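Per-entry structural report
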Amino acid sequence: MVMVDLGIPPGFELLSEDLQDYSEKTAGNQGGRLEKLSLTATQAILYFDALTPHQTVTLHYRLRAKYPIHAQTFQSRVYEYYNPDMNAIALPVELEVSK
């Protein structure tokens, strides 16, 4: 199982229907199938069944700003469920929303 922790920046909400659509679209796949999605205020945790070597998964998702803000995202991380030392991290980036 492969886990993805998507950091949600403060002042934003994740529009989860994009990820739910992806889950339905990949339901019959052998690898890269999104099995489960858990949301918290600061992250979305995605559970994939498995990935084959060199397989690429492209996710499209949207965030909605709740109000004008200058914020920094939380880091995002991908890792193996049973071997969390096998991972990769996307560093935080700054975002600015104005009126």
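Quick summary incoming for the structure in this document. (Residues numbered from 1 in each chain as written. Predicted model: local features only at pLDDT ≥ 70, side-chain atom pairs only at ≥ 80, totals over all residues. Heavy atoms only, no water.)

Moving on, we come to the layout of surface pockets. Space inside the largest pocket adds up to approximately 190 Å³. Lining the largest pocket are 14 residues, and of these Val 4, Leu 6, Val 57, Leu 59 and Val 78 sit closest to its centre. Looking at the lining of the largest pocket residue by residue, the classes come out as 12 nonpolar, one polar and one charged. (1 Å grid on protein atoms, 1.4 Å probe; cavity = no way out; pocket = protein on both sides within 12 Å on 5 of 7 lines; lining within 4 Å. Points joined across faces, edges and corners; volume = space filled by probe spheres on them. Nonpolar A, V, L, I, M, F, W, Y, C, P; charged D, E, K, R; others polar.)

Here Asp 18 lies in helix H1 (residues 17-25). Aside from chain neighbours lying at most four places away, what touches Asp 18 is His 60, Tyr 61 and Arg 62. (Helix = DSSP H or I, 4+ residues; strand = E, 2+ residues; numbered from the N terminus. Contact = heavy atoms within 4.5 Å.)

With that out of the way, let us pick up the sheet that holds strand S3 (residues 34-39). The strand order across the open sheet formed by five strands is S3-S4-S1-S7-S8, and the pairing between neighbours is antiparallel. Across the chains shown, the open sheet's two edge strands, defined by having one partner strand only, are S3 and strand S8 (83-90). The sheet shows a mean angle of 15° between the axes of neighbouring strands, direction not considered. Bridge count for strand S7 (residues 76-80) against S8 is five bridges, and the pairing is antiparallel. Each bridged residue has a counterpart across the sheet, and for Arg 77 the counterpart in S8 is Ile 89. (Pairing = 2+ DSSP bridges. Axes fitted to C-alpha atoms, helices over the stretch in contact; angles between N-to-C directions.)

Buried within H1 are the following residues: Asp 18, Leu 19 and Tyr 22. Angularly, the buried residues of H1 cover 95° about the axis, an arc narrow enough to put them on a single face. (Buried < 20%, exposed > 50% of the residue type's maximum accessible area, 1.4 Å probe, protein only. Arc of directions from axis to C-beta.)

Turning our eyes to something else, we now look at the nonpolar core. Ranked by internal contacts, the top residues of the largest apolar core, which has 14 residues, are Leu 34, Leu 46 and Phe 48. Those elements giving two or more residues to this core turn out to be strand S1 (2-7), strand S2 (12-15), H1, strand S4 (43-48) and strand S6 (69-72). When sequence neighbours within four positions are dropped, the list of residues in contact with Phe 48 reads Met 1, Val 2, Val 4, Tyr 22, Gly 32, Arg 33, Leu 34, Glu 35, Val 57 and Leu 59. (Core = buried A, V, L, I, M, F, W, Y, C linked by side-chain atoms within 4.5 Å.)

Alternating residues of S6 divide into Ile 69 and Ala 71, all buried, and His 70 and Gln 72, none buried. Pairing of S6 with strand S9 (residues 94-97) involves four bridges; the strand directions are antiparallel. In the sheet register, Gln 72 faces S9, and the bridge partner there is Glu 94.

For the rest of this paragraph, the subject is a nonpolar patch on the surface. Side chains of Met 1, Tyr 81 and Tyr 82 sit close together on the surface and give an oily, nonpolar patch of about 390 Å² of accessible area. Of note, Tyr 81 is situated in the loop between S7 and S8. (Patch = residues over 30% accessible without salt bridge, like charges linked within 9 Å, V, L, I, M, F, W, Y side chains within 5 Å. Areas by Shrake-Rupley, 256 points an atom, 1.4 Å probe, with all protein chains shown as cover. Salt bridge = Lys/Arg side-chain N within 4 Å of Asp/Glu carboxyl O.)

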